[in-house]
Amino acid sequence: CSRSTTLRQGYNILALATGMRRGELLALKWQDLDLEKRILQIRRILTRIPSKMPGKGFEETEPKTDKGRRSIVLPPFTVEALKQHRLRQLEEKLKAGPAWNDHDYVFCTSIGTHLNPTRDVLDVLKSLLKEAGLPNIRFHDLRHSSATMLLSMKVHPKIVQEILGHSQINITMDIYSHVLPTMQEEAMGKVNEVLQG
């Protein structure tokens, strides 16, 4: 598969599976991953800085809150996707030779530098959605989809808060309150089964 397809699969899969923010994905480094233990550490984010100089508009910064620095246990299918991505990236590094800039980014350009959040990520997501005949959404909506999916699968809201890196549980509960009525209805159904039967 082509480089653009590999990137599209890689960061979009990870965004949907983990609810990571775009800046967290773009600052992710191989040193942040333990693929054997299936653990990902979020230690930095790629943020835009005011600058008129080409290529100087982004920098790595610390997450805004302590909860932003976090560990996420990865589902096995994402580990396999990352292993395949790593092999393709090593091939690219060999092809690039001395032009390669080794920043250790998991998702990077063909010469190892960080991706552009708009051109390389958002525009690619929009074309992918169009190809698939899906509604046009923001990249951040992958994060919302991930959280909604986890809550719908009855993952405890505190765990969802930790995965998303929200500073407080009430933030998670307020944003995803639309999922809770269904969960409450199912819970009362279970109570009914136990007490009635």
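Reading the values: rules and limits
Residues numbered from 1 in each chain as written. Predicted model: local features only at pLDDT ≥ 70, side-chain atom pairs only at ≥ 80, totals over all residues. Heavy atoms only, no water. Helix = DSSP H or I, 4+ residues; strand = E, 2+ residues; numbered from the N terminus. Buried < 20%, exposed > 50% of the residue type's maximum accessible area, 1.4 Å probe, protein only. pLDDT = per-residue confidence, 0-100. Axes fitted to C-alpha atoms, helices over the stretch in contact; angles between N-to-C directions. Parallel < 35°, antiparallel > 145°, perpendicular 65-115°, else oblique. Left-handed = near helix turned anticlockwise from the far one by under 90°. Contact = heavy atoms within 4.5 Å. Expected span 1.5 Å × (residues − 1). Salt bridge = Lys/Arg side-chain N within 4 Å of Asp/Glu carboxyl O.

Thoughts on unusual backbone geometry
Right, so step 1: Residue R38 is not a glycine yet carries a positive backbone phi of 60°.
Right, so step 2: Take R38: it is sitting in the loop between β1 (33–34) and β2 (39–42).
Right, so step 3: The partly exposed category is assigned to R38, whose relative accessible area is 31%.
Right, so step 4: Phi at K154 takes a positive value of approximately 70°, unusual for a residue other than glycine.
Right, so step 5: By the secondary structure assignment, K154 is in the loop between α5 (140–152) and α6 (157–164).

Details of the confidence of the model for the chain
Low pLDDT means the predicted coordinates in that region are not meant to be read closely.
Right, so step 1: Chain-level statistics for the chain give a pLDDT mean of 86 and a share of 89% at 70 or above.
Right, so step 2: Confidence scores differ between elements of the chain, with helix α8 (residues 180–196) showing the lowest mean pLDDT of 72 and β1 the highest of 97.

Looking at the packing of α5 against α6
Describing two packed helices takes the angle between their axes plus the distance from one axis to the other.
Right, so step 1: Close contact between α5 and α6 brings their axes to 10 Å; oriented N to C, the two are set at 155°. By the angle class used here, α5 and α6 are roughly antiparallel. Here α5 runs over α6; the crossing is right-handed. In contact with R143, A147, L150 and L151 of α5, α6 contributes P157, V160, I163 and L164.

Points about α5
Right, so step 1: The end-to-end C-alpha separation of α5 is 19 Å, in line with the 18 Å expected for 13 residues at 1.5 Å each.
Right, so step 2: Every buried residue belonging to α5 is among D141, L142, R143, S146, A147, L150 and L151, and all of these are buried.
Right, so step 3: K154 sits one or two positions beyond α5 and adopts a positive phi of about 70°.

Section: the pattern of salt bridges
Two side chains carrying opposite charge are able to pair once their charged atoms lie near each other.
Right, so step 1: In this structure the tally under the stated criterion is 11 salt bridges.
Right, so step 2: Residue R21 is joined to E24 by a salt bridge in which the shortest nitrogen-to-oxygen separation is 2.8 Å.
Right, so step 3: When its relative accessible area of 28% is taken as the criterion, R21 is described as partly exposed.
Right, so step 4: E24 sits in the buried class, given a relative accessible area of 3%.
Right, so step 5: The partner of E60 in a salt bridge is R44, with the nearest N and O atoms 3.6 Å apart. With a gap of 16 residues between them, E60 in strand β4 (residues 58–61) and R44 in the loop between β2 and β3 (45–48) connect regions that are remote in the sequence.
Right, so step 6: Among the residues examined, E60 registers a relative accessible area of 33% and is labelled partly exposed.

Topic: the environment of E80
Right, so step 1: Relative to the elements of secondary structure, E80 occurs in helix α3 (residues 76–96).
Right, so step 2: A relative accessible area of 42% places E80 in the partly exposed class.
Right, so step 3: Linking E80 and L35, residues 45 residues apart in sequence, is a C-alpha distance of 8.8 Å.

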